[in-house]
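Descriptive structure summary
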Amino acid sequence: QVQLVESGGGLVQAGGSLKLSCVASGRIFGIFDTNTMGWYRQSPGKQRELVATITRSGRTYYVDSVKGRFTISRDNAKNTVYLEMNSLKREDTAVYYCNTNILSSDYWGQGTQVTVSS
């Protein structure tokens with residue numbers, strides 16, 4: 001079993017910054033650094049959407065709406081992936097989830113709420 005625990009969410013004013021963390025534990029020893037990690041988000045009434053991913057080699061992908069504002073990174077020694085969010089907008093308000101896929105099984109964290117006020 002793999003557990004993902006997100007943290008770092010909160011209430012921030014538009015234009016502000018937050019840094020989310022996701023720590024992986026459980027049966028991930030020795031394989032965290034081989035897996036692509038991703039951040040998703042879900043707003044009320046909307047489908048969950050992919051925000052960013054980072055491969056084991058550090059190659060990143062961002063959805064267009066966050067390019068230039070968000071940065072995904074990882075620390076394999078700590079089994080942790082980060083999402084640094086700058087210039088936050090009200091439309092970034094959502095629950096943010098960490099994700100990975102191991103041996104065809106999807107794993108999700110419980111999510112962390114990000115609320116951006118105007």
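Our structure is the block above this text.
Residues numbered from 1 in each chain as written. Predicted model: local features only at pLDDT ≥ 70, side-chain atom pairs only at ≥ 80, totals over all residues. Heavy atoms only, no water.

Attention shifts here to the state of the cysteines. Going through the model one piece at a time under the given rule, you end up with one disulfide. Disulfide partner of Cys22: Cys98, at an S-S distance of 2.1 Å. Taking the sign of the torsion about the S-S bond as the criterion, the disulfide between Cys22 and Cys98, at about -80°, is left-handed. Highlighted residues: Cys22 in strand β3 (residues 18-26) and Cys98 in strand β9 (residues 94-102), separated in sequence by 76 residues. (Disulfide = S-S within 2.5 Å. Helix = DSSP H or I, 4+ residues; strand = E, 2+ residues; numbered from the N terminus.)

Burial runs high along strand β8 (residues 80-85): five of the six residues are buried. Here β3 pairs with β8 via six bridges, running antiparallel. Across the sheet, Leu18 pairs through a bridge with Met85, a residue of β8. As defined by bridge partners, strand β7 (residues 70-75) adjoins β8 across six bridges and the pair is classed as antiparallel. Its bridge partner being in β8, Phe70 is matched across the sheet by Met85. Taking the residues that link successive antiparallel strands as the turn, the β7-β8 hairpin has four residues, and the phi of Asn79 there is positive, at about 50°. (Buried < 20%, exposed > 50% of the residue type's maximum accessible area, 1.4 Å probe, protein only. Pairing = 2+ DSSP bridges.)

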